[in-house]
Amino acid sequence: MKRLFKAVLIALSLWSLAAQAQMPQPPEVAARAYLLIDVTANQVLAAKDADMAVEPASLTKLMTAYLVFEALKSRKLDLKQTLPVSERAWKMPGSRMFIDPKMRVPVEDLVKGMVVQSGNDATVALAEGVGGSVERFVQLMNDQARVLGMKNTSYKNPEGLAEAGHTTTARDLSTLALRLIRDFPEYVPYYAIKKYRYEGTPAANESNRNLLLFRDPTVDGLKTGHTQTAGYCLVATARRDFPNVGSRRLLSIVLGADSENARANESQKLLNWGYTAYDAVKLFDAGQAVATPAAWKGKTPVVKIGSFYPLIVAVPAGSVAQIKTQVVRPEPLIAPFNKGQMLGSLKVLRGEQPLIDVPLMVLEPVEQAGVLGRAWDAVRLWIK
């Protein structure tokens, strides 16, 4: 029995190694941790120590921005509204927008100061404007992290200066960045601004610290971070157009690089590799029925299942012909069904190798049939 068990373990290990060998191997990346995600396909393409606790430095400001954008969207704040600059904001060390207590600064300028210049002063002014105090705002940050499912993140401040217990992971950062992009598309363009400074502040402080914005026209964000202990960090997004797919967005997270130039180079390396090592394949259009199985005891005989977004998968380059799909769902399907209700999944395989499971949802509601219809279907199900 022990020999059989050992043989099974060896066979599984060899299968795993063979499966990994068939997948594109990411380049060497000079960083403590990294993660590359195909946002369009919702797939992780490469990762190293994605769940290791790290200091986020100014990547913290992504959560600050999330709460500010939420306040703007709910009209608790207005872009043209002005906020005071407290002594606390004015005295913040590190990156600054160079505002002072004599000023009342429009929210939009504070957002640009936080996003483009990574200003700790602008960040604290916004935190106080949204939360009433920095301490209350930090509580809101941690509450939001739990809502988003960022299980390994703990915030101690809104700006990202080193502080005991102020940690996150590459995976949690990806969760935050993806939600920021999807929940606030109207505000994300701020991250593509290359140069900004508030009137009367130093001109030498105007350039965005994300060097990729100046090197790669497809890069449109997102945020840099640096402290002595965190190293040089960058969450970068790029969007490139491809035939039959349209815009394809990738997100790279590089943490703990050795220099400003290195974090840009390593991020560029990951993004370029992702676009060339994997092809994007559109399987179904948004709203297109992937399957129409029988709907028992319903007013309509079938239920249409699919996705409200285009179903796009990332597959190793040159392997499109090997792609197969398989619908997995419960049986029998008993009405009623609500629009948007999850009902099974679409398994995508490369040959016999599973690549990804995509949730399938009800595209059109199916109401429950009347008493006679339900009774007749009950008899048919019993015979079946």
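Participant: Which residues make up the sheet that holds strand β2 (residues 43–48), and what are the values?
Facilitator: Taken in spatial order, the five strands of this open sheet run β2-β1-β7-β6-β5, and their pairing is antiparallel. Taken across any chain shown, the strands that pair with only one partner, and hence form the sheet edges, are β2 and β5 (219–227). Neighbour to neighbour, the strand axes of the sheet diverge by 10° on average, direction disregarded. Here strand β6 (residues 231–242) runs beside strand β7 (residues 246–257); their pairing, made up of ten bridges, is antiparallel. Within β7, the position partnered with R240 by the bridge is R248. In this fold helix α9 (residues 260–277) packs onto β1 (33–38), β2, β5, β6 and β7, with an angle of close to 30° to the strand it touches most, β6.

Participant: Tell me about the sheet that holds strand β12 (residues 323–328), residues and numbers included.
Facilitator: Pairing between sheet strands relies on hydrogen bonds along the backbone, with the strands arranged either parallel or antiparallel. Pairing within the open sheet is antiparallel, and its five strands lie in the order β9-β10-β14-β13-β12. Looking at the sheet topology across the chains shown, the edges are occupied by β9 (289–291) and β12. Note: β12 against strand β13 (residues 342–350), six bridges, orientation antiparallel. Among the inter-strand pairings, K324 is bridged to a residue of β13, identified as L349.

Participant: Provide a residue-level description of the pairing of β2, including the pertinent values.
Facilitator: As paired strands, β1 and β2 are joined by five bridges and run antiparallel to one another. Note that in β2 the partner of L36 across the bridge is A46. Hairpin connection between β1 and β2: a loop of four residues separates the two successive antiparallel strands, and N42 in this loop has a positive phi of roughly 60°.

Participant: Go over helix α5 (residues 120–131) with me, naming the residues and quoting the values.
Facilitator: Owing to its 3.6 residues per turn, the α-helix brings residues three or four apart onto one side. For α5, spanning twelve residues, the distance from its first C-alpha to its last is 16 Å, which sits close to the expected 16 Å at 1.5 Å a residue. Taken across its twelve residues, α5 has nine buried, putting it largely inside the fold. Where α5 is buried, its residues meet α2 (61–73), β3 (82–84), α3 (87–90), α4 (107–115) and α6 (134–148). Following α5 by one or two positions, G132 adopts a phi angle in the positive range, close to 90°.

Participant: Now, about the packing of α5 against α6: what can you tell me, with residues and values included?
Facilitator: Taken N-terminus to C-terminus, the directions of α5 and α6 make an angle of 80°; their axes are 8 Å apart at the nearest point. On the basis of the axis angle, α5 is roughly perpendicular to α6. In this structure, α5 contributes V124, A127, E128, V130 and G131 to the contact, and α6 contributes V134, R136, F137 and L140. By residue class, the composition of the contact of α5 with α6 is six nonpolar, one polar and two charged.

Procedures and definitions
Residues numbered from 1 in each chain as written. Predicted model: local features only at pLDDT ≥ 70, side-chain atom pairs only at ≥ 80, totals over all residues. Heavy atoms only, no water. Pairing = 2+ DSSP bridges. Helix = DSSP H or I, 4+ residues; strand = E, 2+ residues; numbered from the N terminus. Axes fitted to C-alpha atoms, helices over the stretch in contact; angles between N-to-C directions. Contact = heavy atoms within 4.5 Å. Expected span 1.5 Å × (residues − 1). Buried < 20%, exposed > 50% of the residue type's maximum accessible area, 1.4 Å probe, protein only. Parallel < 35°, antiparallel > 145°, perpendicular 65-115°, else oblique. Nonpolar A, V, L, I, M, F, W, Y, C, P; charged D, E, K, R; others polar.

Honestly, it's all geometry; don't read function into it.
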